[in-house]
Each structure stands twice: as structure tokens, then as C-alpha cells.
Amino acid sequence: TIIVFIWRWRYVDLTLGSGIVLFIILLLSSFLSLFIYVMTQKYFALRSGFVGVYENSFKGILICLFVTFYTGGYALILYPGNVFLQHDEKLRLGRFRYGVNRADIAKIAFLGAMANLLFVFVLSWFYVSKTASPFLYILITVNLMIGFFALLPLPKLAGLNIFFFSIPVWVFITALIGVYGAIFLIFDKLMLPISILIAVMMVITYLLFFKEK
């Protein structure tokens, strides 16, 4: 909330009252966005026979705070953390499984990012077609930020799990969220088919020109 608040401060002339209101809105948006991101992974972890435990990087948060504060909000970096899977024999009775593998970790991480994207798509549809609510806009922005930064291939982020399992899948979901978010934030339009098309084209480009390298 503090990181996004510092970043948002650059674009809005805030008084004390409006600053408090903005901080509360960002706090609620951050909580809801992280709740969707984490609980989706925890739910599908249980469905797959694991216990999901949320992990964050204290060093990562400090680095993000320092970079955002030092640059006056020009450089925004978030570190949403990851859900670590723990093997639970009681949840896996009657299933042919042997511990946690890369496919399990990648699948759950991918579904967490997709939950944020679907939530953003629903919210942005309401924002564009029904009401241009400032609260909805901030909630969409925070969701996009958490979904995108969570996909970075860095320690204790979901993106690293997807990246190690399948680079094409990582390229697709990262490009999809990045392109969809950029189109919405810049043009205030809904262009999911174009975003999917660009994401597919980026995967094809990777397979043709970068996979062997």
C-alpha cells in the first residue's frame, strides 16, 4: 500500500483529507488483490493434495520501498510473494503422487495469476461499460500490478516456478497480463482478444528465435 501510494502521489495533487482517503482505498485494494492471488493458490493447492503456505521476502519488500522512495515514485516495483507447497499425506490418500514436483508448483502459480487477470477483466468491463469509478480504477491498477510483478522470475515469486517449468507458458501469461494492462491503462479500452493474440505471437517468436539459444 505504501509503495503504490508513493507512486500514485506523483500523479495526484493530494490534500491531507484526500491523501487519507487514497491510502484507505489503496489499502483495501491491496488486501483484496493479494487475497485473490493467495487464496486461489491455496485453494488449488488443497485440491491437488498440498497445504499452501504464503511466503514473502522481507528483503524484497525493503528493496521495493527503497527504490520507490528514492526515485520519488518514478520506479515502481512490487514483491507480492509466493505460496509454498507442503506435502500432506492425509490430503493425498488414494492418489498416485510422490511429493511436490515442478508441474504442481507451476500449475498452482499459473492459476493464481489467472485469477487476478479474470478479476481484472470483470472489473474493467464494469469500469468501461457501466461506471468510471475511481475506486474501480485503483482496484484494477493494483490487481494488474500484483499480477504482473508476481510473474517476474525472481526468488519467492510465482513467476519463477512457471519459468522453470515452461518458458513458453511463462511468456504467454506474462505477456497477456502486461499487454492487457497496458492497453487498459493507456487507452481505457477492453481488448482481451488482441492481448491474447499478441501473447500468442510472443510465444511463437520465442519458439522460433530464442528457444534453441
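Residues numbered from 1 in each chain as written. Predicted model: local features only at pLDDT ≥ 70, side-chain atom pairs only at ≥ 80, totals over all residues. Heavy atoms only, no water.

Student: Would you take a moment to explain the overall build of the protein for this structure?
Tutor: Within the protein, the secondary structure is distributed over eight helices and two strands. Starting at the N terminus and walking to the C terminus, you meet the elements of the protein as α-α-β-α-β-α-α-α-α-α. Scaling as 2.2 N^0.38, a compact globule of 213 residues should have a C-alpha radius of gyration of about 17 Å, and the protein matches this with 18 Å. Considered along the principal axes of its C-alpha atoms, the protein spans approximately 60 × 40 × 35 Å. Across the 213 residues that make up the protein, the buried fraction comes to 42%. Of the contacts formed within the protein by residues at least 6 apart in sequence, a portion of 70% connects residues at least 24 apart. Carbon and sulfur atoms make up 73% of the accessible area of the protein, which totals about 12100 Å². Of the charged side chains in the protein, 16 are positive and 7 negative; the average position of the first set lies 3 Å away from that of the second. (Helix = DSSP H or I, 4+ residues; strand = E, 2+ residues; numbered from the N terminus. Rg over C-alpha atoms; globule rule 2.2 N^0.38 Å. Buried < 20%, exposed > 50% of the residue type's maximum accessible area, 1.4 Å probe, protein only. Contact = heavy atoms within 4.5 Å. Areas by Shrake-Rupley, 256 points an atom, 1.4 Å probe, with all protein chains shown as cover. Lys, Arg positive; Asp, Glu negative; His and termini not counted. Charge placed at Lys NZ, Arg CZ, Asp CG, Glu CD.)

Student: Help me understand the environment of Leu-176, please; the structure alone is not making it clear to me.
Tutor: Note on placement: Leu-176 falls in helix H7 (residues 167-187). In this structure Leu-176 comes out as buried when scored by relative accessible area, which is 4%. Sequence-wise, Leu-176 and Leu-139 are 37 residues apart; in three dimensions their C-alpha atoms are separated by 19 Å.

Student: For this particular structure, what's the right way to read the nonpolar core?
Tutor: Proteins that are soluble and globular tend to have nonpolar side chains buried together. Counting residues in each nonpolar core, the largest one holds 49 residues, and the members touching the most others are Val-4, Leu-26, Leu-78, Ile-140, Met-145, Leu-151 and Ile-177. Elements that contribute at least two residues to this core include exactly helix H1 (2-9), helix H2 (16-47), strand E2 (82-87), helix H4 (102-129), helix H5 (134-150), helix H6 (158-165), H7 and helix H8 (192-209). Setting aside residues no more than four positions away along its own chain, Ile-177 makes contact with Ala-113, Leu-117, Leu-144, Gly-147, Phe-148 and Leu-151. (Core = buried A, V, L, I, M, F, W, Y, C linked by side-chain atoms within 4.5 Å.)

Student: What exactly am I supposed to notice about the packing of aromatic side chains here?
Tutor: How two aromatic rings sit relative to each other is given by the distance of their centres and the angle of their planes. Summed over the entire model, instances satisfying the criterion amount to 12 aromatic pairs. Consider the rings of Phe-163 and Trp-170, whose centres lie 5.2 Å apart with planes at 90 degrees: the pair is edge-to-face. The class for Trp-170 is buried, based on a relative accessible area of 16%. The rings of Tyr-127, Tyr-137 and Phe-184 are connected pair by pair, giving a single aromatic cluster. (Phe/Tyr/Trp six-rings, centres within 6.5 Å; stacked < 30°, edge-to-face > 60°.)

Student: Can you help me understand the packing of H1 against H5 in this one?
Tutor: Each pair of packed helices can be summarised by the angle the axes make with each other and by the distance between the axes. In the contact formed by H1 and H5, the axes pass within 12 Å of each other and the chain directions differ by 120 degrees. Taken together, H1 and H5 sit at an angle that is classed as oblique. Our pair here, H1 against H5, has a crossing hand that is right-handed. In this structure, H1 uses Val-4, Trp-7 and Arg-8 to contact H5, whose residues at the interface are Tyr-137, Thr-141, Val-142 and Met-145. Grouping the amino acids of the contact of H1 with H5 by side-chain chemistry returns five nonpolar, one polar and one charged. (Axes fitted to C-alpha atoms, helices over the stretch in contact; angles between N-to-C directions. Parallel < 35°, antiparallel > 145°, perpendicular 65-115°, else oblique. Left-handed = near helix turned anticlockwise from the far one by under 90°. Nonpolar A, V, L, I, M, F, W, Y, C, P; charged D, E, K, R; others polar.)

Student: Quick question: what am I supposed to make of unusual backbone geometry here?
Tutor: Comment: phi is negative for the bulk of residues other than glycine, and the bulk of peptide bonds are trans. With a phi close to 65 degrees, Lys-156 is a non-glycine residue in the positive phi region. Mapping Lys-156 onto the fold places it in the loop between H5 and H6.

Student: Help me understand H8, please; the structure alone is not making it clear to me.
Tutor: At 3.6 residues per turn, the α-helix brings residues three or four places apart onto the same side. Here H8 contains 18 residues, and its C-alpha end-to-end distance of 26 Å stays within 8% of the 26 Å for a straight helix at 1.5 Å per residue. Where H8 is buried, its residues meet H7. (Expected span 1.5 Å × (residues − 1).)

Student: It is not clear to me how H2 should be interpreted in this structure. Could you clarify?
Tutor: Over its 32 residues, H2 runs 46 Å from end to end, which matches the ideal 46 Å to within 8%, given 1.5 Å per residue. Count one or two residues on from H2 and you reach Gly-49, which has phi positive near 95 degrees.

Student: Please clarify how the environment of Ala-150 should be interpreted in this entry.
Tutor: Tracing the chain through its elements places Ala-150 in helix H5. Judged by relative accessible area, which is 2%, Ala-150 ranks as buried. Sequence separation between Ala-150 and Ile-183 is 33 residues; the distance between their C-alpha atoms is 19 Å. Apart from residues no more than four positions distant in its own chain, Ala-150 is found in contact with Tyr-37, Pro-80, Leu-157, Ala-158 and Gly-159.

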